[in-house]
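# Structure assessment
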Amino acid sequence: MKQNFAIIGLGRFGGSLCETLIESGQEVLAIDRDEDRINEYMNIATHAVVANAQDEMTLRSLGLRNFEHVIVAIGEDIQASILVTLMAKEMGVPNVTAKAQDSYHAKVLYKIGADNVVHPERDMGIKVAHNLVSKNILDYLELSDEYSLAEVKVTNRKFFDKSLAQLDFRQRFGLNVVAIRREGHLIISPMADEIVFKDDCLLLIGADEDVERLDEKMS
Ligand code: ATP
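Residues numbered from 1 in each chain as written. Predicted model: local features only at pLDDT ≥ 70, side-chain atom pairs only at ≥ 80, totals over all residues. Heavy atoms only, no water.

This paragraph deals with the nonpolar core. Residues Ile 8, Leu 59, Leu 64, Val 70, Val 72 and Val 84 are the most contacted members of the largest nonpolar core, which totals 25 residues. Contributing elements (two or more residues each) for this core: strand S1 (3-8), strand S2 (28-32), strand S4 (67-72), helix H4 (78-90), strand S5 (95-99) and helix H5 (103-111). For this core, the element with the most residues is H4, which contributes 4 residues. Not counting residues up to four positions away in its chain, the partners in contact with Val 70 are Ala 6, Ile 8, Leu 64, Ala 88, Val 93, Asn 95, Val 96 and Thr 97. Ranked by size, the runner-up nonpolar core spans 21 residues in total, among them Val 152, Leu 202, Leu 214 and Met 218. (Core = buried A, V, L, I, M, F, W, Y, C linked by side-chain atoms within 4.5 Å. Buried < 20%, exposed > 50% of the residue type's maximum accessible area, 1.4 Å probe, protein only. Helix = DSSP H or I, 4+ residues; strand = E, 2+ residues; numbered from the N terminus. Contact = heavy atoms within 4.5 Å.)

It is worth spelling out the pairing of strand S10 (residues 176-182) at this point. Sheet topology note: the S10/strand S13 (residues 201-207) ladder contains 5 bridges and is antiparallel. Bridging across to S13, Val 177 finds its partner in Leu 204. Pairing geometry for S10 and strand S11 (residues 185-188), over 4 bridges, is antiparallel. The partner of Arg 182 across the bridge, within S11, is His 185. The loop that links S10 with its antiparallel partner S11 comprises 2 residues; one of these, Glu 183, has a positive phi angle of about 45°. (Pairing = 2+ DSSP bridges.)

The sheet built from 6 strands is open, its strands ordered S3-S2-S1-S4-S5-S6 with parallel pairing. Single-partner strands in this sheet number two, and they are strand S3 (47-50) and strand S6 (116-118). Geometrically, the sheet is characterised by an average inter-axis angle of 15° between neighbouring strands, direction not taken into account. In the sheet, S1 pairs with S2 via 4 bridges, with the strands oriented parallel. Within the sheet, the bridge partner assigned to Ile 7 lies in S2 and is Ala 30. Sitting on the sheet, H4 touches S1, S4 and S5, and the angle it makes with S5 is about 175°. (Axes fitted to C-alpha atoms, helices over the stretch in contact; angles between N-to-C directions.)

Next up on the list: the domain arrangement of the protein. What the domain assignment reports for the protein is domain 1 (4-118) and domain 2 (123-218). Using C-alpha coordinates to define each centre, domain 1 is positioned 34 Å away from domain 2. (Domains from an automatic or database assignment.)

Below, the discussion takes up the UniProt feature "domain: RCK C-terminal" (unreviewed entry) in the protein. According to UniProt, the positions carrying the feature "domain: RCK C-terminal" (unreviewed entry) are residues 135-219. With 24% helix and 41% strand, the stretch residues 135-219 has end C-alpha atoms that lie 8 Å from each other. (UniProt positions renumbered as here; feature names shortened; annotations may be inferred.)

Here 5 strands make up an open sheet; going across it, the order is S7-S8-S13-S10-S11 and the pairing antiparallel. In the strand order of this sheet, the two ends are held by strand S7 (137-142) and S11, each with one partner. Geometrically, the sheet is characterised by an average inter-axis angle of 20° between neighbouring strands, direction not taken into account. Two elements, strand S8 (residues 147-153) and S13, share 7 bridges in a ladder whose sense is antiparallel. Note that in S13 the partner of Ser 148 across the bridge is Gly 206. Packed on one face of the sheet, helix H9 (residues 208-218) meets S7, S8 and S13 and runs near 140° to S13.

Before going further, it helps to spend a moment on the packing of aromatic side chains. The tally for this structure, following the rule as stated, stands at 2 aromatic pairs. Within the aromatic cluster, the residues linked to one another by ring pairs are Phe 159, Phe 169 and Phe 173. (Phe/Tyr/Trp six-rings, centres within 6.5 Å; stacked < 30°, edge-to-face > 60°.)

Structure representation (C-alpha cells):
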C-alpha cells in the first residue's frame with residue numbers, strides 16, 4: 001500500500017510543510033543530509049532520516065517509490081534538486097512536487113517530469129503585493145503567467161443583493177465564479193440564481209487583467 005508523504009530537505013519550506021502535514025494527520029517521512037535538522041524533526045515527523053538524497057541507492061533503500069507524494073524541498077543546491085526530482089519520477093512516484101528558486105529552475109523541473117512546481121518566495125511576494133495595493137483582493141493564486149484564482153470581497157453596493165446571472169461576471173469581466181465564501185462557509189459552484197450579498201467573498205478564475213478590472217470596479 002502507498003504511504004503518504006516524503007519530504008526531502010527540511011529548510012523553512014520543507015520544515016513547515018512537514019509540521020502542517022503532521023498536524024493534519026498525515027504520515028511523513030522527512031529526509032535531510034543535515035543531522036541537526038533531522039534531530040529537530042525527530043519528534044515531529046513520523047520518521048526522520050539523515051541521508052544524502054542524491055544517492056540513488058539510499059533513496060531506493062528508503063522505499064521512496066512506495067510514496068504517493070514526494071516533495072523535493074531542496075532550494076539552493078539546484079543540481080541536487082533536479083537530480084532528486086528526476087530520480088523520484090524514474091522510480092515511479094505518482095506525485096512529485098519540487099521547490100524552484102527561479103523560473104529557469106522551474107522550467108527544468110517541469111521538463112524532467114515534476115508534477116507540480118512551487119515558488120514559495122515569489123508566490124508570497126505576489127500575494128502580499130496584491131493585499132497591499134487592494135483592500136478587496138483577499139487572496140491570490142497564480143495559475144499560469146496570465147491566469148489566477150482570486151478571492152475578491154464584495155464591497156461596492158452596485159454588486160449587493162443581485163444574482164450571479166444579473167451580475168454576469170463572465171460576460172462583463174471574463175471571470176468565472178467558482179465559489180462564494182459567506183460567513184465562514186463555502187458555496188461551491190454557485191448556481192446562476194445565487195444572490196451576492198455585502199461582504200461575500202467571490203472566488204474567481206480568470207485573466208489577471210480582468211481580475212484587476214473587477215477590483216477597480218469594486219473600489
Ligand atoms: P528554505 O528557503 O526552505 O529554508 P532553502 O531554499 O534555503 O530552504 P536549502 O537550505 O539549500 O534551501 O535546503 C533545504 C534543506 O535541504 C536543508 O536543510 C539541506 O540540508 C537539505 N538538503 C540539501 N541538499 C540535500 C541533499 N542532497 N540531500 C538531503 N538533504 C539536502
